[in-house]
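Breakdown of the fold
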Amino acid sequence: MERSSVLPWQQTHYPLSWTLSADRARKMSSPGVDGDPKPPCLPRNGLVKLPGQPNGLGTASITKGTPAAKNRPCQPPPPTLPPPSLAAPPPRAALAGGLCPQAGLPLGGPALAPVPGPPVERPPLATDEKILNGLFWYFSACERCVLAQVCKAWRRVLYQPKFWAGLTPVLHAKELYTVLPGGEKEFVNLQGFAARGFEGFCLVGVSDLDICEFIDNYALSKKGVKAMSLKRSTITDAGLEVMLEQMQGVVRLELSGCNDFTEAGLWSSLSARITSLSVSDCINVADDAIAAISQLLPNLAELSLQAYHVTDTALAYFTARQGHSTHTLRLLSCWEITNHGVVNVVHSLPNLTALSLSGCSKVTDDGVELVAENLRKLRSLDLSWCPRITDMALEYVACDLHRLEELVLDRCRTSG
């Protein structure tokens, strides 16, 4: 018996199908029943032993894979595999669940998903302008003023005009200047107000010089400011004239507690572009001031007047020009106005939708009857602080003013 030249550590265990093929080949190499020898086909470590040739070369061993081995009629032997101890270790990627390079099969588990690319960088939520634009609508105007001081990103979002529409900043005279180290005063920077696009300002306690400084330092003062309010200020006729001449965009004007301008200042400064005028607690305003208003303001839509020295004669100055445009008239604490003044109002201003006679203490039920019969378009009527109004006036109102939506009877002592 020929001893195998394979060492024990080189022996390889093959699958069952390979073993059956080897047994079949071994049987084929043994003599048959009729004595015919079968071709030798005993695989042994990849070697095939061929029968002797007639040329006398004897036996030879041909390695598997040569043309002689491929032309054999029997099944080729299984390939020789190295022992497990000498096999090359698989790559780390295969051990981690990758693919076997020979078979393309996963080793150690399913294949891993491809590694995603770097995430797209987005700004933090605290500075995301899209989120902030929706968030800041939930805060009041006072809260927005505080939030604008948090950081530059928040201030940039909050300084959009849409967050400040309809608001009027109030500036006192002492807030308009900063004191320099040398003792000199410098006008404050109003760039933040310009960025927010304010269309109206209220100046308190200012003088003619302060108004001129405001016009020079505020970028939108020429045409961007639509409304101006001066309260408890020492503005004179000259200052009022300069302000309305320089600020061509002003259409709403309020003068409250300004005792240094006169009726002559109204004659020289009022412009036809003004559509809303409010004058209160100005001691120099009397009947002649109403004459200037009626003559110089043909487009006046709203007039609010609080003057102790205005009489019935002043209300006779209104003409048909105001009758088409004026829809709101407020006569507040005009103590000298009587029912005759009411007659002038109802005939000159038939299109009124809002009328206030608050504090007109000399108006009686007859005056209310005139109002109810002639001003059928009224939606708001204020009769507060009219002590001579009785229940009869309420009957006139109920019978004739069918469009009325608001009725104020505060401090009407004799009404029911």
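Residues numbered from 1 in each chain as written. Predicted model: local features only at pLDDT ≥ 70, side-chain atom pairs only at ≥ 80, totals over all residues. Heavy atoms only, no water.

1. Details of the environment of methionine 392
In this structure, methionine 392 sits in helix α16 (residues 391–400). Each C-alpha atom of the pair methionine 392 and glutamate 369 lies 8.9 Å from the other, and the pair is 23 residues apart in sequence. (Helix = DSSP H or I, 4+ residues; strand = E, 2+ residues; numbered from the N terminus.)

2. Some thoughts on the packing of aromatic side chains
One pass over the full model with this rule turns up 13 aromatic pairs. Taking 5.6 Å as the distance between ring centres and 15° as the angle between the ring planes, the aromatic pair formed by phenylalanine 214 and tyrosine 218 counts as stacked. Under the relative-accessibility criterion, tyrosine 218 is labelled buried at 2%. Taken together, the ring pairs connect Trp164, Phe193, Phe198, Phe201, Phe214 and Tyr218 into an aromatic cluster. Between arginine 196 and the ring centre of phenylalanine 193, over which it is positioned, the NZ or CZ distance is 5.2 Å. (Phe/Tyr/Trp six-rings, centres within 6.5 Å; stacked < 30°, edge-to-face > 60°. Buried < 20%, exposed > 50% of the residue type's maximum accessible area, 1.4 Å probe, protein only. Lys NZ or Arg CZ within 6 Å of the ring centre and 35° of its normal.)

3. Notes on the state of the cysteines
What is meant by a disulfide is a covalent connection between two cysteines, made through their sulfur atoms. Within this structure, the stated rule accounts for zero disulfides. Cysteine cysteine 145 remains unbridged, with the sulfur of cysteine 142 as its closest cysteine sulfur at 6.2 Å. When its relative accessible area of 35% is taken as the criterion, cysteine 145 is described as partly exposed. (Disulfide = S-S within 2.5 Å.)

4. Considerations on the side chain of serine 356
Assignment of secondary structure puts serine 356 in strand β12 (residues 354–356). Overall, the relative accessible area of 6% leaves serine 356 in the buried class. One polar contact links the side chain of serine 356 to the main-chain amide nitrogen of serine 358, over a distance of 3.4 Å. The contact partners of serine 356, leaving out residues within four places of it in the chain, are Leu329, Arg330, Leu331, Leu332 and Asp382. (Polar contact = N/O pair within 3.5 Å; in protein donor to acceptor, adjacent residues only side chain to side chain. Contact = heavy atoms within 4.5 Å.)

5. Some words on the nonpolar core
Residues Phe201, Phe214, Met228, Leu230, Met243, Leu331 and Leu355 are the most contacted members of the largest nonpolar core, which totals 83 residues. With near-sequence residues (within four places) excluded, methionine 228 lies in contact with Phe201, Leu203, Phe214, Met243, Met247, Val250, Arg252, Leu253 and Glu254. (Core = buried A, V, L, I, M, F, W, Y, C linked by side-chain atoms within 4.5 Å.)

6. Points about the pairing of strand β11 (residues 328–331)
Pairing between strand β10 (residues 302–306) and β11: four bridges, direction parallel. Residue pairing in the sheet places leucine 305 in a bridge with leucine 331 of β11. The sheet contact formed by β11 and β12 spans three bridges and is parallel. Considered in β12, the bridge of threonine 328 is made with alanine 354. In this view, the connection linking β11 to its parallel neighbour β12 by way of helix α14 (residues 339–348) has right-handed handedness. (Pairing = 2+ DSSP bridges. Right-handed = clockwise from strand over helix to strand, strands pointing away.)

7. So, the confidence of the model for the protein
On average, the protein scores 80 in pLDDT, and the residues at 70 or more come to 69%. Below a pLDDT of 50 lies the segment residues 93–105, which in the model reaches 21 contacts outside its immediate sequence neighbourhood of four places, other chains included. (pLDDT = per-residue confidence, 0-100.)

8. Looking at a nonpolar patch on the surface
Taken together, the side chains of Leu125, Ile131, Leu135, Trp137 and Tyr138 present a nonpolar region at the surface, about 590 Å² in accessible area. Along the chain, leucine 135 turns up in helix α4 (residues 129–135). Note on leucine 135: relative accessible area 35%, which makes it partly exposed. (Patch = residues over 30% accessible without salt bridge, like charges linked within 9 Å, V, L, I, M, F, W, Y side chains within 5 Å. Areas by Shrake-Rupley, 256 points an atom, 1.4 Å probe, with all protein chains shown as cover. Salt bridge = Lys/Arg side-chain N within 4 Å of Asp/Glu carboxyl O.)

9. Here's the deal with the environment of valine 397
Looking at the element boundaries, valine 397 is found in helix α16. Using a relative accessible area of 6% as the deciding quantity, one classes valine 397 as buried. Sequence separation between valine 397 and valine 368 is 29 residues, and the spatial gap between their C-alpha atoms is 7.6 Å. Those residues in contact with valine 397 that lie beyond four places of it in its chain are Val368, Ala372, Leu381, Leu404 and Leu407.

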